[in-house]
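# Understanding the architecture of this molecule
Here is how the chains run, residue by residue.
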Amino acid sequence: MKLLISTLACALLATGCASSLSEPEVFVVAPRHATLLEKNSVAASALAKFLHSEGLSKKPLLVSTLARVNDVESSSTFGRALTEHLSSRLATLGVSVIEPRVRKTLAINGGGEFVLSRDAEDLQSKTAAKVILAGTYSHGRELVTVHLKLIDASTQVVLMGHSYVVTTKEFESISPL
């Protein structure tokens, strides 16, 4: 009898665990001593996993530059570098990422041949994005918190969020004060 009860209890626990595996992960944590790029990779993996699970990974995704939380129209080398890494990592993970800075023509100057631009007039005003990845970062005395959101482009509804922290030392290694 005890064996039957134990077997039933194990079966119930196993089915409970199995059903929770199909639910999206709410909280994903990078290893304790992870580097900045490892933490950013964990974030990209969590976002990609969500996009794949919702059937959105082949819909065009626009990755916007991570902005300062107190001035969402500005960034820094830190915000731009993390954005570039997120965009590349998501594409590697099978997400259809749009590169919005691609010029219609190749710009050639003394520094080389360039296809990317930050000139608003040089860029297309509209993209085919169905999902937007937006984010902010806030710099404290010891920690920098990074917040990422996947947003439905047509409804502006936040589909998923992911946050993580890095040390000020890691922040300053990319974006000196």
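Scroll up for the structure.
Description of the structure in this document. These figures come from a predicted structure and were not determined experimentally. (Residues numbered from 1 in each chain as written. Predicted model: local features only at pLDDT ≥ 70, side-chain atom pairs only at ≥ 80, totals over all residues. Heavy atoms only, no water.)

## What about the nonpolar core?
- If you look at the biggest cluster of nonpolar residues, it comprises 27 residues, and the most contacted ones within it are Leu-61, Phe-78, Leu-90, Leu-133, Val-146, Leu-148 and Leu-150.
- Broken down by element, this core gets its largest block of residues, 8 residues, from helix H2 (residues 36-53). (Core = buried A, V, L, I, M, F, W, Y, C linked by side-chain atoms within 4.5 Å. Buried < 20%, exposed > 50% of the residue type's maximum accessible area, 1.4 Å probe, protein only. Helix = DSSP H or I, 4+ residues; strand = E, 2+ residues; numbered from the N terminus.)

## A short note on the environment of Ser-87
- As for its position among the elements, Ser-87 is in helix H3 (residues 77-92).
- A C-alpha to C-alpha distance of 9.2 Å links Ser-87 and Leu-61, two positions 26 residues apart in sequence.

## Section: the packing of H2 against H3
- Running from N to C, H2 and H3 point in directions that differ by 50°, and their axes come no closer than 9 Å. In this view, H2 runs oblique relative to H3, as classed from their interaxial angle. Handedness of the H2/H3 crossing: right-handed. Across the interface between the two elements, Leu-36, Leu-37, Asn-40, Ser-41, Ala-44, Ser-45, Leu-47 and Ala-48 of H2 pack against Phe-78, Leu-82, His-85, Leu-86, Arg-89 and Leu-90 of H3.
- Taken together, the residues that form the contact of H2 with H3 break down as 9 nonpolar, 4 polar and 1 charged. (Axes fitted to C-alpha atoms, helices over the stretch in contact; angles between N-to-C directions. Parallel < 35°, antiparallel > 145°, perpendicular 65-115°, else oblique. Left-handed = near helix turned anticlockwise from the far one by under 90°. Contact = heavy atoms within 4.5 Å. Nonpolar A, V, L, I, M, F, W, Y, C, P; charged D, E, K, R; others polar.)

## As for the pairing of strand S8 (residues 158-167)
- Bridge count between strand S7 (residues 143-152) and S8: 9 bridges; the pairing is antiparallel. What sits directly across from Ile-151, in S8, is Val-158.
- The hairpin formed by S7 and S8 contains 5 residues between the paired strands, and Gln-156 there has a positive phi angle of roughly 60°. (Pairing = 2+ DSSP bridges.)

## Focus: the pairing of S7
- Bridge count for strand S6 (residues 131-139) against S7 is 9 bridges, and the pairing is antiparallel. Pairing of Thr-136 across the sheet is with His-147, part of S7.

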